[in-house]
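Working through the structure, step by step
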Amino acid sequence: MFSQPLLAAEFLGTVVFAITGALAATGKRIDIFGVMVLAVVTAVGGGTIRDLTINNGPIFWLEETWYISTALIAGLVTFILARYLRYPRRLLLIFDAAGISLFAIIGAQKAQMADLSPLLVVMMACITAVAGGLIRDVLTNEDPMILGGGDGELYATCTILGAMVFVLGEGYIDPILLSYLAMLVIFLTRLAAIFGNLRLPKFIDAGHRLESHEEARNPSKDSDQ
Amino acid sequence: MFSQPLLAAEFLGTVVFAITGALAATGKRIDIFGVMVLAVVTAVGGGTIRDLTINNGPIFWLEETWYISTALIAGLVTFILARYLRYPRRLLLIFDAAGISLFAIIGAQKAQMADLSPLLVVMMACITAVAGGLIRDVLTNEDPMILGGGDGELYATCTILGAMVFVLGEGYIDPILLSYLAMLVIFLTRLAAIFGNLRLPKFIDAGHRLESHEEARNPSKDSDQ
Amino acid sequence: MFSQPLLAAEFLGTVVFAITGALAATGKRIDIFGVMVLAVVTAVGGGTIRDLTINNGPIFWLEETWYISTALIAGLVTFILARYLRYPRRLLLIFDAAGISLFAIIGAQKAQMADLSPLLVVMMACITAVAGGLIRDVLTNEDPMILGGGDGELYATCTILGAMVFVLGEGYIDPILLSYLAMLVIFLTRLAAIFGNLRLPKFIDAGHRLESHEEARNPSKDSDQ
């Protein structure tokens, strides 16, 4: 179906993100079209912002329409199956971890092709991987995962780590091998965050430091949003 | 006042969307400037995202300033009149239906000029028509209409249907006539959704399928937002 | 450290906005990475939207990486210090007032270089100054300051006034002097809004005009968000 393994990877990543976008409608009054909108923005949002900011040639899904159609179909199928299948949430998180690993390094490669500085290569890797999910969270009014809400522990941080490996390893390791290595770093650190409960320190200001209520009050926020 | 009927149509669509943007401030603590911001982003937001992604020449309101000034004036007038006039909400929805009909087909035409594929032509028609309202809903923290919230039943779906007519009819019908026909399809299906209570199926997952509370709990969400 | 006073000003503005972005995490479950994301989007968001829409050359932080790195460092330092220092909120508002003054006029200058019309010069000044904070407010689910929420009284309006001075004064006053004068107008009007409690009229529709509950109900909204 695809000429290269990378394309197959992009296809998988697109499907996975579209599914996470569609499932974000869970428990909300969102209709079938809204679900497909969420599937598309989640799947292509990150790459779109990357291509808009780099502004080096047209946006990726303008040239190859299969990104959009794939996301639409994945969203539609998810909409239909979701009412019959119970899916293990953690399985989805594992797929999502694979998705951000792929998209982050694809973003890093595109940034390198545009001759961006290492800092921006890392930043574009992160944007490509997480911006779609960010738009999804804003549209569905959830605490954005990349800010550490929901299951977002270390979410974007993993992509930063992997992109750093990709940038620092350049010249020392074979590029193809380096790409896979960087993806593996993202995938494994993200799994460690999901299953090992790795955590990043949360923002605490002098005023709230002693309020132990804080931690208790905020989680309830998720539920009523 | 305008050289072409299309311009007159764009003018009307801009005014209508600016009004819906301004009225989104109803019942919220939003000041006169905020109302004008909402008027402008609602009126030009969709076309801006379309032009940014197509990236085929400058954004429409950079060349012709009347789009922005029209939206500003419409927003200001709405701000002033809103405290004296009681408007029938359904009248506004009818104007809005006319607005999305116009903007969708204008978007489809611009996408065709950029030689985009049929799928993208339909997508750009939809983005042009509904993205401004989406930004408005995000800023005012409402459930986005295009996800099926508020009065958004079939909202974007109608623009998709009309854009499909526009794409499929190409070559068979005179372009001008086809444009009006496609706009009519959007306008009528949208009216059917508003007055005929046409509905799209809502997202239901296996976990929530039996929870009849669900439907009851969520609507209350709208009010406290 | 910098070759020009303007660069020093941009540096200060970037730091200030990054701090306001980081402090937006106060009382929320946002981790250290999320705080740095908020710092960056708040600091460079406005200029990014300006450069994307003008589309006249690359986005400013693509060429000079120090904008991003400065925002990252400022966000990190804020994250660390915030739990030990109690800062006077009004001091932050004063810094922020300085920030929007600088960014607004920088935006106006870039818009003039792109030969935009006076209306668009004023609009780009406003976007440059406030769009970053708008994204920050959307991500942290606060009422956007530019709509008049939080401490946002006259927030964007001041930048409009200053930009108008900048546009109208062109040709009559020395450009450098005019820039400083326009910045001063923004800074002073904003201070007047903060300390003098200057207010803009809020949106009132015929339906709500007599509901005195309205004012009472909405403020509570801020607290539980």
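Residues numbered from 1 in each chain as written. Chains lettered and ligands numbered in written order. Predicted model: local features only at pLDDT ≥ 70, side-chain atom pairs only at ≥ 80, totals over all residues. Heavy atoms only, no water.

**Structural notes on the overall build of chain A**
Tallying secondary structure elements over chain A gives nine helices and zero strands in all. Put simply, chain A runs from its N terminus to its C terminus through helices and strands in the order α-α-α-α-α-α-α-α-α. Expressed as a percentage of its 225 residues, the buried residues of chain A come to 58%. Put simply, of all contacts in chain A between residues at least 6 apart along the chain, 73% involve residues at least 24 apart. Total accessible area on chain A is roughly 9400 Å²; 68% of this is exposed by carbon and sulfur atoms. (Helix = DSSP H or I, 4+ residues; strand = E, 2+ residues; numbered from the N terminus. Buried < 20%, exposed > 50% of the residue type's maximum accessible area, 1.4 Å probe, protein only. Contact = heavy atoms within 4.5 Å. Areas by Shrake-Rupley, 256 points an atom, 1.4 Å probe, with all protein chains shown as cover.)

**Overview of the pattern of salt bridges**
Overall, the coordinates contain six salt bridges over all chains when judged by the stated rule. Ionic pairing is found between Asp51 of chain A and Arg50 of chain A, a salt bridge with its closest N-O pair at 2.8 Å. With a closest N to O distance of 3.1 Å, Arg136 of chain B and Asp137 of chain B form a salt bridge. Both residues of the pair, Arg136 of chain B and Asp137 of chain B, count as buried. (Salt bridge = Lys/Arg side-chain N within 4 Å of Asp/Glu carboxyl O.)

**Focus: a nonpolar patch on the surface**
A contiguous nonpolar patch, built from Ile73, Leu76, Val77, Ile80, Leu81, Tyr84 and Leu85 of chain A and spanning about 640 Å² of accessible area, is present on the exposed surface. Within the secondary structure, Val77 of chain A sits in helix H4 (residues 66-82). (Patch = residues over 30% accessible without salt bridge, like charges linked within 9 Å, V, L, I, M, F, W, Y side chains within 5 Å.)

**Topic: the packing of aromatic side chains**
All names here are of chain A. Under the counting rule described, the total for this entry stands at twelve aromatic pairs over all chains. Between the aromatic rings of Phe11 and Trp66, the centroid separation amounts to 6.2 Å while the plane-to-plane angle is 45°, which identifies the pairing as tilted. Separated by 55 residues along the polypeptide, Phe11 in helix H1 (residues 5-23) and Trp66 in helix H4 bring together distant segments of the chain. Relative accessible area serves as the criterion here: at 23%, Phe11 is assigned to the partly exposed category. For Trp66, a relative accessible area of 18% puts it in the buried group. Linked through ring pairs, Phe11, Phe60, Trp66 and Tyr67 together constitute an aromatic cluster. (Phe/Tyr/Trp six-rings, centres within 6.5 Å; stacked < 30°, edge-to-face > 60°.)

**A closer look at empty space enclosed by the protein**
Enumeration according to the criterion identifies nine cavities of 30 Å³ or more in this entry. Each pocket or cavity is described by its volume, and for the second largest cavity that value is around 190 Å³. Taken together, the elements giving at least two residues each to the lining of the second largest cavity come down to helix H2 (32-54) of chain A, helix H2 (32-54) of chain B together with helix H2 (32-54) of chain C. Per-class residue counts for the lining of the second largest cavity are nine nonpolar, nine polar and three charged. (1 Å grid on protein atoms, 1.4 Å probe; cavity = no way out; pocket = protein on both sides within 12 Å on 5 of 7 lines; lining within 4 Å. Points joined across faces, edges and corners; volume = space filled by probe spheres on them. Nonpolar A, V, L, I, M, F, W, Y, C, P; charged D, E, K, R; others polar.)

**Section: the confidence of the model for chain A**
Residue and element names in this part refer to chain A. Summary statistics for chain A give a mean pLDDT of 82 and a share of 85% for residues scoring 70 or more. Confidence scores differ between elements of chain A, with helix H9 (residues 213-224) showing the lowest mean pLDDT of 42 and H4 the highest of 92. Taken together, the stretch residues 210-225 has pLDDT below 50 and engages in 20 contacts with residues farther than four places along the chain or on a different chain. For this predicted complex, the interface confidence reaches an ipTM of 0.76, while the overall pTM sits at 0.81. (pLDDT = per-residue confidence, 0-100.)

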